[in-house]
Every structure is written in structure tokens, then in C-alpha cells.
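# Structural description and commentary
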Amino acid sequence: MTAPAARPWWRDAVVYQVYVRSFADGLPAGSDAGDGVGDLPGITARLPYLRDLGVDALWITPFYTSPQKDHGYDVADYTDVDPLFGTLADVDLLLETAHGLGLRVIVDLVPNHTSDQHAWFQAALAAAPGSPERARYIFRPGRGEDGAEPPNNWDSIFGGPAWTRVPDGAWYLHLFDTSQPDLDWRNPEVGDMFEDVLRNWLDRGVDGFRVDVAHGLYKEATLRDQKRPEQPAKLAESMVERVLNDEPMWDQPEVHEVYRRWRRVLDSYPGDRMAVAEAWTQTAESMAMFIRPDELHQAFNFGWLGTPWSARAFARVINDSIAAVAAAASAPTWVLSNHDVERHPTRYGGGPVGLARARAATLTMLALPGSAYLYQGEELGLEQVDVPPEARQDPSWFRTGQPGRDGCRVPLPWSGDAPPYGFGGPPGSQPWIPQPADWESLSVAAQLGDPDSTLAFYQHALAARRAVFAGADEATTAIADDDLLVVLRGDVAIVLNAGDEPAPLPAGEVLISSGPLPGETLPPDTAVWIR
Ligand code: NOJ
């Protein structure tokens, strides 16, 4: 075991999320050319782009063997690569190339559920109720006459009941799609299997894991009904204001023992191997439990992502997040977009205002202590796309009839004036989710030569972050002065104007701004770093 470096790389890394299906389609003609689905060779070919962008690491969404019912979050074999995305040799080449460019690689781990095509679930279906094969999942008899009602009142995150009945009358739990049966983590075989999976990828050289649904593995043992309020809880302005719901399916105390075990595994490998939790916990305090010194290293801070456009709300979430992780002796994380949420320029109103706000929020985020996660395409200023119903693929669309998440998953435009914009596949073809006709000016090639482009802004901001804040742990405080957010970090002030009127530009040296600063003013929807 090698002693960890004094300051592990992940503490203040900028991590770029690659949604593998939509980043770049690199497999050569004759294999999947024309399938319009991104893959591992596509990522490897574009790694120099990420190095030039200035990020420290990439997180790659699941590329394992999968029927793709939830686009890879339904894993049929945790240690192999889906032919759609390449081979194990492609993983090795990707890791080697990334490391050669100074980039770390985080892979996704999906421990809450498997695919219904996983060998374990197929064996469970073939076996009898009460068998050891069924005991790896959560099978229960139904309620009511002939057990025709689900065992409890839980809903799937993707809509409809969280239970599906099999022909012999038993029901199995799936907190997501019917094709994603939940594992029973109270069965020791499950923990042993995932330790093997961790070791498999660590042996191959990955630098870390993003842990899917990290708060979900254990359910309250009785599987009792969820108590539901008469009135749905009002949306809170910051994470500390969340109204606590009764959640017997999430965030149970037993889950922390899993992460203590994983931490021992990660620490037994050389280098700073890490894990980041996707844990949609209800409070900052419960999030901090996942990053205690003997558990995972980071947790996504969804409080920041969910904050409305308000200086007061931003200040609160910044201070609360920093305080919560300090209590756990970890470092905060910040994220504005990912493959599950509406892209943030659209969330902030869309159009020029949405983009200006997105750039201002990004510049603020990049000045905060800790680590920042970027989602592919945000550096191009991409907005949420209104994907036509016939092209929608998200399982939640099929279960609820709501638009779902396809609009933030449209394949990236790299070059050219028409789909597929250099993404891959034959000229004139559309990728797996169609690209809009008006993305020419948003492509990487179009933006690279333009100093005012959003891509140039991201490159500049990431370089400035390295130059100004590298490795620094200064105390950071946020305050809201009417509509101005002011964050003080060491000798730098980050000021964001969240109001409708221009504000006087504070005195000092301007290090970088998210937009023009006409006549010594800080316009609305603009942020600046000042020394
Ligand atoms: C969270 C992932 O980010 C999402 O895309 C997926 O659908 C669910 N977990 C289920 O694995």
C-alpha cells in the first residue's frame, strides 16, 4: 500500500462527465458505423479535447454489458463491456491514453439493482419462491386477495408501482424500471460480488468510482408502507429547508457499513483511488454521513444544482455545503448539470439570459473550494432539447408519459453544418437521439476559433481556476448583499449580480468575468473574480 499524497487529486479536481452514448461515436465503418451511439474509442479519440479544455478527470457513465433499457444503468455483466461501446481492450487503451495526458478516469458503479438480464436475476426467475437464487433480490408475496396487490405502497422513481409480479405470483421490487430489479444487500453474497467488481476495475487501473443511487442499497427491513403527506411538500429554497419525507426505501443506516468496506478496498490500492456518491439525501447532514473519513471521498451536492436564481439562496447553499462537509472533514463538490436534469442554461430561463446566468453560475462554482463536476456539452452552452415524442427513449417517458431526460442527452456537435455534426455515423444520418437543425454555431469546431464563445470562456475559466486557487484551502464565506452574491475566498472576491440592474464594479484587479463589464459596472446575470 502506498501512502496517499498530502493533497489527493480529487479534493479540488474538475471532473468532466462523459455520457458515453452521446459523447462521440468512434467505432470505425463496418462495425457500428451508422448506429449513431457514442462509444469508448470515440472517447479515447477526443481525450486531447478534454486535456485542452483543462479538466483534471473524466467520469464515464456505464459501458458494461447491458440491454440498454436505462441506457447502461441496467447492468447484465459488471466486468465486461457492451459490444455497443467496444471491448475490454478499448477500456485499457482509454485508461492508458487518459493517464498519458494527465487525466484521471472515474467509472460508474451500479450496486442498487442489476438488469433483469443479469445471470442472477435469470436464475432467480427460474428458481422457486424461497430459493437462494431469489434471496439475492427482494421478492415478496403480494397483499390482498390471492396476493394480487403489491407488497407495499412504494412507487418507482420512473412512475407506477415499484413492484412487478412474476408468473408464480411473487412480486419483486424495482425502485426504477421493471427491468432493474433491486438487489437485497442484506444477503452477504451481494456485498461479496461488488467487492470483486471494485477490485476488477481497480486492477485495470481506474482512479475512482461514481456510485449510482448510493443512498438506496438498504431498505427498511420490514418493507413497511411509506407514510405520505396529504399535501405534497413545498419545494424548498435550499437543501437545509427540505421538508423531511418518510422514506423507508432510502438512506438507511446499514448502508454506511458497505462504504466502510469499500473504503478499505480503495485504500489498499496504490494512488489516491476514490469514490463519489450519488446520494439524493434529504439534508446536508445526512449527505455528510457518506463522506466520513472511513467512507466515500465525495458526494454530489445536489443542493447547489437545485438552487433558484437568487443571491440569498446561493449564499445559503454555499455556506451550508461548506459547513456540512467540514464537519465530515471532507471537501465540498459542486455540480450544475448532469444526464438526469434539465441543462442549466434552460433552467435559468433559456436564450441569452439563460446562457449569461449559466456562465455566471459556472464561474462562481469554479471559484468555490472543493471539486466541480461538469456535464458534457455545458462548455458549448447547449440547452435542453425538446426531443420529439417519437424519438424519446427515457424509460420514465414510457412509464409516465412525461418528457423525461432525453433532452439533456442529445449527442454532442463536434463540427460541420448539419447532423450528425461530426459526432460519428454516415453523413446526413441522425444519432440515437436526433440533433437540432440549428446547432452549427454551437459545435466545438465553430467555437474553438471564437474568443467570445462559451467554449473559450470555459477554457479561460479553468485555466484561471488553476492559476488563482490551485491547492488552496482558504476559508470561504458567502454573503448576499441585496441581489449581489459576494463570496470571499482568501484575497479574491467572487461577485455575482443576480438582480435586474447593473451594479458598480467593486474596486480591485479583475481576474476574469463571465461576460462583458461595460463602463465599470457589473451587469445583471454576470459574475466576476476580483483581487
Ligand atoms: C441515477 C442515474 O444517474 C440515472 O441515470 C439512472 O436512471 C438511475 N440512477 C438508476 O440507475
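Here, every reference points to the structure presented above.
By convention here, each chain's residues receive numbers from 1 onward along its written sequence. Totals for whole chains, interfaces and linings use every residue, but because this is a predicted model, local features are given only for residues with pLDDT of at least 70 and side-chain atom pairs only at 80 or more, for both listing and counting. Each side-chain value is worked out from all heavy atoms of the structure, with water and hydrogens disregarded.

### Here we look at the sheet that holds strand S15 (residues 484–489)
Two modes of strand pairing occur in sheets, parallel and antiparallel, and in both the strands are linked by backbone hydrogen bonds. Strand order in the open sheet made by the five strands is S14-S15-S16-S20-S18, with antiparallel pairing throughout. Bordering the open sheet on either side are strand S14 (476–481) and strand S18 (510–513), each of which pairs with just one other strand. Looking at each pair of strands side by side, their axes are set apart by 15° on average, direction ignored. Pairing between strands is defined by DSSP: at least two bridges between the two strands are required. Each helix is a run of H or I in the DSSP string that is no shorter than four residues. Each strand is a run of E no shorter than two, and both are numbered from the N terminus. Direction of pairing for S18 relative to strand S20 (residues 526–530): antiparallel, over a ladder of three bridges. Bridged to Ser-513 within S20 is Val-528. Every residue pair with non-hydrogen atoms within 4.5 Å of one another is taken to be in contact. Helix axes are fitted to C-alpha atoms over the stretch in contact, other axes to C-alpha atoms as well, and angles between N-to-C directions run from 0 to 180 degrees. On top of the sheet, helix H9 (residues 311–327) reaches S14 and S15; it is set at about 160° to S14, its chief contact.

### Quick notes on the sheet that holds strand S7 (residues 163–165)
If you walk across this open sheet you meet the three strands as S6-S8-S7, and the pairing is antiparallel. What marks the edges here is a single partner per strand, and that holds for strand S6 (139–140) and S7.

### Section: the side chain of Gln-435
Relative to the helices and strands, Gln-435 is located in the loop between helix H12 (395–400) and helix H13 (444–448). Judged by relative accessible area, which is 4%, Gln-435 ranks as buried. One polar contact links the side chain of Gln-435 to the main-chain carbonyl oxygen of Leu-412, over a distance of 3.4 Å. The residues touching Gln-435, leaving out its near neighbours within four places in the chain, are Val-410, Pro-411, Leu-412, Pro-413, Pro-419, Pro-420, Tyr-421, Phe-423 and Gln-430. Buried residues are those whose accessible area, probed at 1.4 Å on protein chains only, stays under 20% of the maximum for their type, while exposed residues exceed 50% and partly exposed ones sit between those limits. Think of a polar contact as two N or O atoms within 3.5 Å of one another; within protein, one of them needs to be a possible hydrogen donor and the other a possible acceptor, and neighboring residues in sequence only count if both atoms come from side chains.

### Focus on a negative patch on the surface
A cluster of acidic side chains, namely Asp-481, Asp-482, Asp-483, Asp-500 and Glu-501, defines a negative patch on the protein surface. In this structure, Asp-500 sits in the loop between strand S16 (492–497) and strand S17 (503–504). Patch membership is restricted to residues that have no salt bridge and whose relative accessible area is over 30%. Joining uses 9 Å for like charges and 5 Å for the nonpolar side chains Val, Leu, Ile, Met, Phe, Trp and Tyr. Note on areas: Shrake-Rupley with a 1.4 Å probe; residue coverage comes only from the protein chains shown. The working definition used for a salt bridge is a side-chain nitrogen of Lys or Arg within 4 Å of a carboxyl oxygen of Asp or Glu. Note on charges: Lys and Arg go in the positive column, Asp and Glu in the negative column, and His and the chain ends are not counted at all. Note that the charge is assigned to NZ on lysines, CZ on arginines, CG on aspartates and CD on glutamates.

### Some remarks on the pairing of strand S2 (residues 57–60)
In S2, alternate side chains face the same way, and those of Ala-57 and Trp-59 on one face and Leu-58 and Ile-60 on the other are all buried. The sheet contact formed by strand S1 (residues 14–18) and S2 spans four bridges and is parallel. The partner of Val-15 across the bridge, within S2, is Ala-57. In this structure, S2 lies alongside strand S5 (residues 104–109), joined through four bridges in parallel fashion. By the bridge assignment, Trp-59 is partnered in S5 with Ile-106.

### Topic: the packing of helix H5 (residues 188–204) against helix H6 (residues 255–267)
One can describe the packing of H5 onto H6 by two numbers: an axis separation of 11 Å at closest approach and a directional angle of 25°. As far as their axial angle goes, H6 and H5 are roughly parallel. Taken as a pair, H5 and H6 cross one another with a handedness that is right-handed. Together, Gly-191, Asp-192, Phe-194, Glu-195, Leu-198, Arg-199 and Leu-202 of H5 and Arg-261, Trp-262, Val-265 and Leu-266 of H6 make up the contact between the two elements. By definition in this entry, angles of less than 35 degrees are roughly parallel, angles greater than 145 are roughly antiparallel, angles of 65 to 115 are roughly perpendicular, and the rest are oblique. Should the near helix be turned anticlockwise from the far one by less than a right angle, the crossing is left-handed, and should it be turned clockwise, the crossing is right-handed.

### Some details on the site of the ligand
One heavy atom within 4 Å of a molecule or strand is enough for the residue carrying it to be called near that molecule or strand. Taken together, 13 residues form the shell around the ligand, and within it Asp-70, Arg-210, Asp-212, His-339 and Asp-340 come nearest. With respect to the ligand, the side chain of His-113 contributes an N or O atom lying 3.0 Å from an oxygen atom. Taking Arg-405, its side chain carries an N or O atom lying 2.9 Å from an oxygen atom of the ligand. Contact with the protein chains removes 97% of the 300 Å² of surface that the ligand exposes when unbound. The classification used treats Ala, Val, Leu, Ile, Met, Phe, Trp, Tyr, Cys and Pro as nonpolar, Asp, Glu, Lys and Arg as charged, and all other residues, Gly among them, as polar. For the shell around the ligand, the class distribution of residues is four nonpolar, two polar and seven charged.

### So, unusual backbone geometry
When glycine is set aside, most residues are seen to have a negative phi, and most peptide bonds are trans. Across the junction of Pro-419 and Pro-420, the peptide omega takes the value 5°, indicating a cis bond. Topologically, Pro-420 is positioned in the loop between H12 and H13. Positive phi values are uncommon outside glycine, yet Asp-146 reaches one of about 60°. A positive phi angle is found at Leu-223, which is not glycine, with a value near 50°. Within the secondary structure layout, Leu-223 lies in the loop between strand S9 (208–211) and H6.

Note that every value here comes from positions in space, so none of it alone points to a role or purpose.
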